[in-house]
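Spelled out from the first residue to the last, the chains are:
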Amino acid sequence: NVGTEATLKLQSSRTLDWFGSDVAAVSVGNRSFLLVGAPYYRSVTDCETTDASTCDQLGAVYGYELLSGGAPVFRFLIKGDESNALMGRRIATDGGDIIALSSPDSSGRSQLARAGKVVLMRASALPTLSGNFSLSQLPIPAAIVQGTVAYERFGWSVEFGDLDGDGKDDLI
C-alpha cells in the first residue's frame, strides 16, 4: 500500500468569512476543481472602517483549478445575492455533473424569513467560469430549490446519496 501526502494551503483575503467551512472537489473531464465555501464573506474587505450599510455578509464560493504538479489557481468567485443568507455554507456534488450550493438563511423569492435555498448547477460548466459575479448573475443555467416554511433553513446540511435504491443519487 503506497500512501500519498499532499499539503495545500489556501486562505481568504477577508477576515471572519469562515473560508473553508465546506470544501468539494470536482472533476470535469481531465480538469479538477476545488470549491471552497465562505458563508460569512463580506462585500467589502474592512467593515471596521466602512459604512455599515455597504458591509453585507453575502457569503461566497471560491473556485480553484487544481493543476497537475502546481498550486491551485483561482478561477472564480460566486458571491451570494442576498445579505446574511450564508451562501456557501454547504457544497455537495453527486460525483457526476451536479453541484449543490446552499444558502440556508435565504429568504429568496418566497420572502419567508430564513426558509433557505439550494442552488443546483452543472459541474461541466465550471471550466467556463471566470472572475467574480453574484449568484443571480451565474452565467450558467441553474435550478433553485427553495425552502417553504419560515425558519426552515433548508440547505443547512446538503449531501447526495441513493436513498431509494434506484442507482441515482438523491439530494438529501
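Please read these numbers as outputs of a predicted model, since none were measured by experiment.

## As for the overall build of the protein chain
The helix and strand tally for the protein chain stands at zero helices and eleven strands. Taken over 172 residues, the protein chain has a buried fraction of 40%. For the protein chain, the proportion of contacts with a sequence separation of at least 24, taken over those separated by at least 6, is 52%. Carbon and sulfur atoms provide 49% of the accessible area of the protein chain, an area that totals close to 9,400 Å².

## A few points about the sheet that holds strand E6 (residues 98-103)
Strand order in the open sheet made by the four strands is E5-E6-E7-E9, with antiparallel pairing throughout. With partners counted over all chains shown, the strands left at the sheet margins are strand E5 (91-93) and strand E9 (142-146), one partner each. On average, each strand axis in the sheet is inclined to that of its neighbour by 20°, with strand direction left out of account. For E5 and E6, the ladder comprises three bridges, and the chain directions are antiparallel. The partner of Thr93 across the bridge, within E6, is Ile99.

## Looking at unusual backbone geometry
Of note in the backbone geometry, Leu86 takes a positive phi value of approximately 65° without being a glycine. As for its position among the elements, Leu86 is in the loop between strand E4 (73-79) and E5. Using a relative accessible area of 5% as the deciding quantity, one classes Leu86 as buried. Even without being glycine, Arg114 reaches a positive phi, approximately 50°. Inspection of the secondary structure puts Arg114 in the loop between E6 and strand E7 (117-122). Accessibility expressed as a relative area gives 38% for Arg114, which makes it partly exposed.

## Points about the sheet that holds strand E8 (residues 131-134)
The mixed open sheet is built from five strands, whose spatial order is E1-E2-E3-E4-E8. On the outer flanks of this sheet lie strand E1 (23-28) and E8, each paired with one strand and no other. The mean angle between the axes of side-by-side strands here comes to 20°, regardless of whether they run parallel or antiparallel. Bridge count between E4 and E8: four bridges; the pairing is parallel. Note on E8: the bridge partner recorded for Phe76 is Gly131.

The rules behind each value
- Residues numbered from 1 in each chain as written.
- Predicted model: local features only at pLDDT ≥ 70, side-chain atom pairs only at ≥ 80, totals over all residues.
- Heavy atoms only, no water.
- Helix = DSSP H or I, 4+ residues; strand = E, 2+ residues; numbered from the N terminus.
- Buried < 20%, exposed > 50% of the residue type's maximum accessible area, 1.4 Å probe, protein only.
- Contact = heavy atoms within 4.5 Å.
- Areas by Shrake-Rupley, 256 points an atom, 1.4 Å probe, with all protein chains shown as cover.
- Pairing = 2+ DSSP bridges.
- Axes fitted to C-alpha atoms, helices over the stretch in contact; angles between N-to-C directions.

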